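Given next are the chains, with one letter for each unit.
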Amino acid sequence: MSNELNPYLPRPANVTSVKNESLDTKTLRFRLINWTAPFQAGQFVQLLLPGVGEAPFCIASSQSDPKHLELTIMRRGIVTTASQYLRPGDAVGIRGPLGKPFPVSAFEGKDVLVVATGIGIAALKSLILYLVENRGKFKDVTLLYGARFPEDLVYRDEIRRWSEKIKVIITLSKATPDWAGLRGRVTDHLNEVELNPSTVAAVCGSPAVMTSIADELVNKGLKKENIYVSLERHMKCGIGKCARCLIMGGLLVCKDGPVFRASEIDIRAIGE
Amino acid sequence: MPKLTTQDILKLIDGLRAEGFEVISPLRINGVVKLAKLPPGEAPLLDYIRINNSPKDFLLPCRESLYKYRSTATLTSYGLKIRFPTAEGPCPVTIMPECTLPKSKIAFFGIHPCMVNSIRYLDKVMLSDPADPYYKGRRDGMFIAVMECEEGDDYCLCGMLDSYKVPAGYADLMMRKRDGGFLVRAASEGGKGVLALINKTQEKDGVPELVPKMKEKYTFDSTDEAEIDRRDAKEYVELCTLCAACTVTCPTCYCGDIEDEFSLMDPANVERTRLRMSCQRKCYSMIAGGTTFLKTKDARFKWRLKHKFPFSERAYQLKGCIGCGNCIAMCPARIDFRKFLGRREA
């Protein structure tokens, strides 16, 4: 059996830079050694830290550069905690790209709304970069980004750059008194976005938040087929053989997702 | 249709061994009937109703090595220290793929038609694109000799799920008990070849289909997702001890876990292993940070049934339950999903 055909084998990569995004979140940039990952916005990879384990992460870089990958990782479990100690030059293994991407060609000529809460913005960053780079293909593009505390906000420099091309709304639910921007949850600020029945929405956040945002968007007249959610599960194999990412309706997040239309799945059951 | 004696069966098995097969057949071990490697000279147990394990144990072992690689972990006086290799450091990570493919092909001798259906289900899951190379390596060239079943025990339900029928292409030999001997017919070219080894030839005659007698009959009204969710499982899950015997003994439960394993004596040699995982455990649906999607026993009991019926029918157009009844027979609380999903016939 040749190694190219074995989908379980990771391929080598090096850390080229580490950027602190917030207290517990870092963006790692990887150089792929002698291979490329021609990915599309919304796909994910399995990151293997030698001696620690493997975990899935959505790619948070532009699909125009398949030789480098960026992953934004928040300290949560075993692999994510170990990844905080990576330094430039460290070797890791990467498997991917895996999963189905956002169907960006279907977004063309329409208004696009991207709603992200917390670290969910990492799963949507590749999509936002695609929208910014190909700004002419879309009508109004809005990023609605919610977090809890000011120090939780990530991608500060990038958001400043993006705001020149797309509309950016940032809201904090537990803002400190010196916060000058918007306060409250993202669902409180959906009124500030002009929505029409053909608007396409991409949503990522914690399960309960995704349910409430998708519900709210449907109430505001968006079609369920035009609402895309990016789901999270702990995929072990990434190719549909371990069934650890099985969700309601018998869909596999690794093979059929991680990007789903709200019409494909029961949005109320995202948290189950 | 040639009739064989036990002596002929032994000759047949020797013939299979000579062709390079590792013969796995039901055996009585410590009082229970299990599928196991057949020691040379020993006759397989062909008069049985239930086996405690299933072909899954050989096709998807409960622990298998996917590959090995070296990390830079070292054991220090204050514990295990994992340092990632750096550009300046001496040890770049090398991945040494090492596959655990068996040297000989597998021959299942004397398994019941329900177990053959479980192999068909595992094939659908594991060989769908992209194929699992480890499963495929074991599966290729497999020989199956089916022992047809005449009567089920209290927990069998293949009569309701039609899984007493052997799917086309999944049997090489079909065996049936008759007057102290065995009626054998070849169902494939490979089977004909093996019969020829003991100088028995295939004669053409029609064989009536053998439908096993069920001791208890149930009817399933509907097994779709909404129906399973709607039903009240309280009286069933109350007794559940979360031992996960239902998923361990199930011939089609394929959910797995992949972990890095290393010995503390030599922590730099890491083995990436695949283990079996049960949906009855809380960690099955836990993601980083501790969020668990299947929080209650009730949700997990229903999840297993949903995976067997609506999810499998949708993804593979095949029922995940093959009606062996192992999950009922091996359950220490005798939780009977037949009563939950259907009603008993008089």
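Everything numeric in this text was worked out from a predicted model, so none of it was measured.

1. Description of the overall build of chain A
A tally of regular secondary structure across chain A gives four helices and 15 strands. Relative to the 2.2 N^0.38 estimate, which gives 19 Å for 272 residues, the radius of gyration of chain A is 18 Å and therefore close to what a compact globule would have. A principal-axis box enclosing the C-alpha atoms of chain A has dimensions of 55 × 45 × 35 Å. The proportion of buried residues among the 272 residues of chain A is 59%. Restricting to contacts in chain A with at least 6 residues of sequence separation, those with at least 24 account for 68%. Side-chain charges in chain A split into 35 positive and 28 negative, and the spacing between the mean points of these groups amounts to 4 Å.

2. What to know about a positive patch on the surface
Residues and elements named next belong to chain A. Residues Arg76, Arg148, Lys174 and Arg185 make up a contiguous surface patch of positive charge. Here Arg185 is to be found in the loop between β10 (182-183) and β11 (200-204). Judged by its relative accessible area of 57%, Arg185 is exposed.

3. Describing the sheet that holds strand β11 (residues 181-186) of chain B
All names here are of chain B. The mixed open sheet is built from seven strands, whose spatial order is β1-β11-β10-β9-β8-β2-β3. Either end of the sheet is taken by a strand with one partner, and the two such strands are β1 (3-4) and β3 (32-37). Bridge count for strand β10 (residues 173-178) against β11 is six bridges, and the pairing is antiparallel. Looking at β11, one finds that Lys177 is bridged to Phe182.

4. Brief notes about unusual backbone geometry
Going from Gly96(A) to Pro97(A), the amide bond is cis rather than trans, its omega being 0°. Here Pro97(A) is to be found in strand β6 (residues 91-98). Cis peptide bonds are those with omega within 30 degrees of zero, and the linkage from Asp129(B) to Pro130(B) qualifies with -10°. When you line up the elements, Pro130(B) lands in the loop between α3 (113-127) and α4 (133-139).

5. Quick notes on the interface of chain B and chain A
Accessible area lost during the coming together of the parts is what is often quoted as the interface size. Taken together, the contact pairs 50 residues of chain B with 45 residues of chain A. At the boundary of chain B with chain A, total buried surface from both sides reaches about 4000 Å², with 62% on carbon and sulfur atoms. Viewed at the interface, chain A and chain B are joined by three salt bridges. Measuring nitrogen to oxygen at the nearest pair gives 3.0 Å for the salt bridge that ties Asp257(B) to Lys236(A). Applying the counting rule to chain B against chain A returns 19 residue pairs in polar contact (both at pLDDT 80 or more). Looking at the side of chain B that touches chain A, the elements with two or more residues in it are β4 (63-70), α3, α4, β13 (256-263), β14 (266-276) and α10 (297-316) of chain B. In terms of residue count, the dominant contributor to the side of chain B that touches chain A is α10(B) (six residues).

6. Topic: the packing of α3(B) against α10(B)
Residues and elements named next belong to chain B. Direction vectors running N to C along α3 and α10 enclose 55°, while the axes themselves pass 12 Å from each other. Relative to α10, the element α3 is oriented oblique. Considering the relative orientation of α3 and α10, their crossing is left-handed. Across the interface between the two elements, Tyr121, Lys124 and Val125 from α3 touch His307, Ser312 and Tyr316 from α10. Each residue belonging to the contact of α3 with α10 can be placed in one class, and the counts come to three nonpolar, two polar and one charged.

7. Overview of the confidence of the model for chain B
Residue and element names in this part refer to chain B. Overall, the predicted model of chain B reaches an average pLDDT of 83, with 88% of residues at or above 70. Counting interchain partners and residues more than four positions distant, the pLDDT-below-50 stretch residues 87-92 has six contacts. Among the prediction metrics, the complex's ipTM stands at 0.87, with pTM recorded as 0.89.

8. What to know about the pattern of salt bridges
Per the counting criterion, the structure on display carries 36 salt bridges over all chains. A salt bridge links Lys319(B) to Glu313(B); its shortest N-O distance comes to 3.9 Å. Owing to a relative accessible area of 30%, Glu313(B) belongs among the partly exposed residues under this scheme. Counted as one network, the salt bridges with shared partners bring together Lys19(A), Glu21(A), Arg29(A), Asp65(A), Glu70(A), Lys125(A), Asp157(A) and Glu158(A).

9. Here's the deal with the packing of aromatic side chains
Two measures describe an aromatic ring pair: the distance that separates the ring centres and the angle between the ring planes. Residue and element names in this part refer to chain B. In total, this model carries 17 aromatic pairs over all chains according to the counting rule given. When the ring of Phe220 is compared with that of Phe337, the centres are 6.3 Å apart and the planes differ by 50°; the resulting orientation is tilted. With a gap of 117 residues between them, Phe220 in strand β12 (residues 218-220) and Phe337 in helix α12 (residues 337-341) connect regions that are remote in the sequence. No difference in accessibility class separates Phe220 from Phe337, as the two residues are buried. Pairing Tyr236 with Phe301 gives two aromatic rings, centres 6.1 Å apart and planes at 10°, and the pair type is stacked.

10. Thoughts on the pairing of strand β8 (residues 105-111) of chain B
All names here are of chain B. Among the seven residues that make up β8, six are buried, leaving the element largely enclosed by the rest of the structure. Bridge count for strand β2 (residues 21-29) against β8 is four bridges, and the pairing is parallel. Bridge pairing in β8 places Glu22 opposite Ile106.

Cut-off values and rules
- Residues numbered from 1 in each chain as written.
- Chains lettered and ligands numbered in written order.
- Predicted model: local features only at pLDDT ≥ 70, side-chain atom pairs only at ≥ 80, totals over all residues.
- Heavy atoms only, no water.
- Helix = DSSP H or I, 4+ residues; strand = E, 2+ residues; numbered from the N terminus.
- Rg over C-alpha atoms; globule rule 2.2 N^0.38 Å.
- Buried < 20%, exposed > 50% of the residue type's maximum accessible area, 1.4 Å probe, protein only.
- Contact = heavy atoms within 4.5 Å.
- Lys, Arg positive; Asp, Glu negative; His and termini not counted.
- Charge placed at Lys NZ, Arg CZ, Asp CG, Glu CD.
- Patch = residues over 30% accessible without salt bridge, like charges linked within 9 Å, V, L, I, M, F, W, Y side chains within 5 Å.
- Areas by Shrake-Rupley, 256 points an atom, 1.4 Å probe, with all protein chains shown as cover.
- Salt bridge = Lys/Arg side-chain N within 4 Å of Asp/Glu carboxyl O.
- Pairing = 2+ DSSP bridges.
- Buried area = accessible area lost by both parts, 1.4 Å probe.
- Polar contact = N/O pair within 3.5 Å; in protein donor to acceptor, adjacent residues only side chain to side chain.
- Axes fitted to C-alpha atoms, helices over the stretch in contact; angles between N-to-C directions.
- Parallel < 35°, antiparallel > 145°, perpendicular 65-115°, else oblique.
- Left-handed = near helix turned anticlockwise from the far one by under 90°.
- Nonpolar A, V, L, I, M, F, W, Y, C, P; charged D, E, K, R; others polar.
- pLDDT = per-residue confidence, 0-100.
- Phe/Tyr/Trp six-rings, centres within 6.5 Å; stacked < 30°, edge-to-face > 60°.

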